[in-house]
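As a plain string of letters, each chain reads:
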Amino acid sequence: MSYLFLLVGFVLLIKGADLFVDGSSNIARLLRVPPILIGLTIVAFGTSSPEATVSIIAAMEGSSDVSLGNVIGSNIFNLTLVVGIAAIIFPLKVENETIRKEIPFTLLAGGALLVVINDVFLQDHSNNLITRSDGLIFLLFLSVFMYYVIEVALKSRQDSQNEAISDDIKWGKNIGLTILGLAGIVFGGELVVSNGTEIAYAVGMSETLVGLTIIAIGTSLPELVTSITAALKKQSDIALGNIVGSNIFNILFVLGASSVITPLSVSSKVGIDVVIMLLLTILLLVFSRTNFRVGKREGAVLAIFYLMYLVYIIMRN
């Protein structure tokens, strides 16, 4: 039955992402804001829902390895395989604001995470811990990011008041499509994660390895399917905005909320994964500055990096 539910989950993810991209891109037009802002907010928050659900539940059950591994593994998966496959399908156009502000903000969030998980090195503590105070700081960072996005959205709306919108694009229909698509993404993601994890434990994988691989990949499937769907529809702003926004939400909201609920103990191995995540974020920033797009060649390089990382963590664990 696990294999059957796994298949049903994939079907829900694919169909849900199709509806979600259509609905959210039309909402962006109705709101008269750039699609990337919808990607950074509604789409990113929606596709991060599985990570939030899994990490918060894991934190409440005392499985901090799963909670942390899920977020870091998901972010690495997003930066490499998701961006890579989307760029191979359709080169991703990168706006100047994304290069100057949004990707650097992702780097800032990752840097803050690296600082708070190094209590032993920085403060001579006996163990590394993401405390409730650290979690509250993450949530404050998130509020700053949301303030920035809202400011940009309001300015963009003022600049495009005279843009004509087709009469076929209706609020009710597109809100319905977005909600229905999101429900398919979240429920499908849950089916894939729970059944994929059950299969993984059955073949003898460790909790840390499951967190960094099966759960991380499973909870990132909404980002993968949504970004691929957006790339196929040539909505590259939504595809890239989804990744950047999702990575910001994963660190600041998911880890912030999880650690506020219960402090998270941090394995010494996790620091290496966070450094890898930061280096990959810098690599994406460098690629983005190449003609303001992530092309097929860069996408292939990122995808190969994920395969290398996967081999590394399997051998390490």
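About the thresholds
- Residues numbered from 1 in each chain as written.
- Predicted model: local features only at pLDDT ≥ 70, side-chain atom pairs only at ≥ 80, totals over all residues.
- Heavy atoms only, no water.
- Axes fitted to C-alpha atoms, helices over the stretch in contact; angles between N-to-C directions.
- Helix = DSSP H or I, 4+ residues; strand = E, 2+ residues; numbered from the N terminus.
- Parallel < 35°, antiparallel > 145°, perpendicular 65-115°, else oblique.
- Contact = heavy atoms within 4.5 Å.
- Nonpolar A, V, L, I, M, F, W, Y, C, P; charged D, E, K, R; others polar.
- Expected span 1.5 Å × (residues − 1).
- Patch = residues over 30% accessible without salt bridge, like charges linked within 9 Å, V, L, I, M, F, W, Y side chains within 5 Å.
- Areas by Shrake-Rupley, 256 points an atom, 1.4 Å probe, with all protein chains shown as cover.
- Salt bridge = Lys/Arg side-chain N within 4 Å of Asp/Glu carboxyl O.
- Buried < 20%, exposed > 50% of the residue type's maximum accessible area, 1.4 Å probe, protein only.
- 1 Å grid on protein atoms, 1.4 Å probe; cavity = no way out; pocket = protein on both sides within 12 Å on 5 of 7 lines; lining within 4 Å.
- Points joined across faces, edges and corners; volume = space filled by probe spheres on them.
- Phe/Tyr/Trp six-rings, centres within 6.5 Å; stacked < 30°, edge-to-face > 60°.
- pLDDT = per-residue confidence, 0-100.
- Left-handed = near helix turned anticlockwise from the far one by under 90°.

(A) Structural detail: the packing of helix 11 (residues 270-288) against helix 12 (residues 296-316). Close contact between helix 11 and helix 12 brings their axes to 12 Å; oriented N to C, the two are set at 175°. Judged by the inter-axis angle, helix 11 sits roughly antiparallel to helix 12. Packed against helix 11, whose contacting residues are Ile-272, Asp-273, Ile-276, Leu-280, Leu-283 and Phe-287, the element helix 12 presents Glu-298, Val-301, Leu-302, Phe-305, Tyr-309, Tyr-312, Ile-313 and Arg-316 at the interface. When its residues are assigned to classes, the contact of helix 11 with helix 12 shows eleven nonpolar, no polar and three charged.

(B) Spatial organisation of helix 1 (residues 2-31). Between its first and last C-alpha atoms helix 1 spans 42 Å; for 30 residues at 1.5 Å apiece the expected length is 44 Å, and the two agree. The positive-phi residue at the C-terminal boundary of helix 1 is Arg-32, with phi of around 60°.

(C) Fine view of a nonpolar patch on the surface. A surface patch of nonpolar side chains, amounting to about 390 Å² of accessible area, comprises Met-1, Leu-4, Phe-5 and Val-8. By secondary structure assignment, the location of Val-8 is in helix 1. Its relative accessible area of 34% is what places Val-8 among the partly exposed residues.

(D) Quick peek at the layout of surface pockets. Its volume calculated, the largest pocket comes out at about 270 Å³. Every residue lining the largest pocket is counted, 14 residues in all, and those nearest its centre are Val-54, Ile-57, Glu-61, Val-66 and Ile-215. Of all elements in the fold, only helix 3 (49-60), helix 8 (171-202) and helix 9 (207-232) reach the threshold of two or more residues within the lining of the largest pocket. Here the element with the most residues in the lining of the largest pocket is helix 8; it accounts for five residues. A per-class count over the lining of the largest pocket returns seven nonpolar, four polar and three charged.

(E) Structural view of the packing of aromatic side chains. Counted under the stated rule, the structure contains five aromatic pairs. On the numbers, 5.2 Å between centres and 85° between planes, the contact of Phe-77 with Tyr-306 is edge-to-face. Taken as a pair, Phe-77 in helix 4 (residues 64-89) and Tyr-306 in helix 12 lie far apart in primary sequence, 229 residues in all. We note that Phe-77, like Tyr-306, is buried. For the pair Tyr-306 and Tyr-309, a centre-to-centre distance of 6.3 Å together with 45° between the ring planes defines the contact as tilted. In this pair, Tyr-306 and Tyr-309 both sit in helix 12, three residues apart, roughly one turn of the helix. Each of the two residues, Tyr-306 as well as Tyr-309, counts as buried.

(F) Structural detail: unusual backbone geometry. Positive phi, close to 60°, is recorded for Asp-124, a residue that is not glycine. The topology assignment puts Asp-124 in the loop between helix 6 (119-123) and strand 2 (128-130). Note on Asp-124: relative accessible area 71%, which makes it exposed.

(G) Spotlight on the environment of Leu-139. Here Leu-139 shows up in helix 7 (residues 132-159). Through-space distance from the C-alpha of Leu-139 to that of Lys-101 is 19 Å; in sequence the pair is 38 residues apart. Those residues in contact with Leu-139 that sit more than four places away from it in its chain are Leu-252, Phe-253, Gly-256, Ala-257 and Val-260.

(H) Spotlight on the side chain of Asp-273. Within the secondary structure, Asp-273 sits in helix 11. If sequence neighbours within four positions are ignored, Asp-273 has contacts with Ile-72, Ile-76, Leu-212, Tyr-309, Ile-313 and Arg-316.

(I) Spotlight on the confidence of the model for the chain. With 93% of its residues at a pLDDT of at least 70, the chain reaches an overall mean of 82. Element-level pLDDT for the chain is lowest in helix 2 (residues 35-47), with a mean of 72, against a maximum mean of 92 in helix 11.

(J) How the structure looks around the environment of Ile-282. Considering the arrangement of structural elements, one finds Ile-282 in helix 11. The exposure class of Ile-282 is partly exposed, given its relative accessible area of 39%. Residues Ile-282 and Met-1, spaced 281 residues apart in sequence, show a C-alpha to C-alpha distance of 42 Å.

(K) Quick look at the side chain of Asn-247. One can find Asn-247 in helix 10 (residues 236-261). Discounting residues that sit within four places of it in the chain, Asn-247 has contacts with Asn-75, Asn-78, Leu-79 and Thr-106.

(L) Focus on the packing of helix 4 against helix 12. One way to put it is that helix 4 packs onto helix 12 with a least axis distance of 7 Å and a crossing angle of 145°. You can see that helix 4 and helix 12 cross each other, and the crossing is left-handed. Contacts between helix 4 and helix 12 pair Ile-76, Phe-77, Leu-79, Thr-80, Leu-81, Val-83, Gly-84, Ala-87, Ile-88 and Ile-89 from the former with Lys-296, Gly-299, Ala-300, Leu-302, Ala-303, Phe-305, Tyr-306 and Tyr-309 from the latter.

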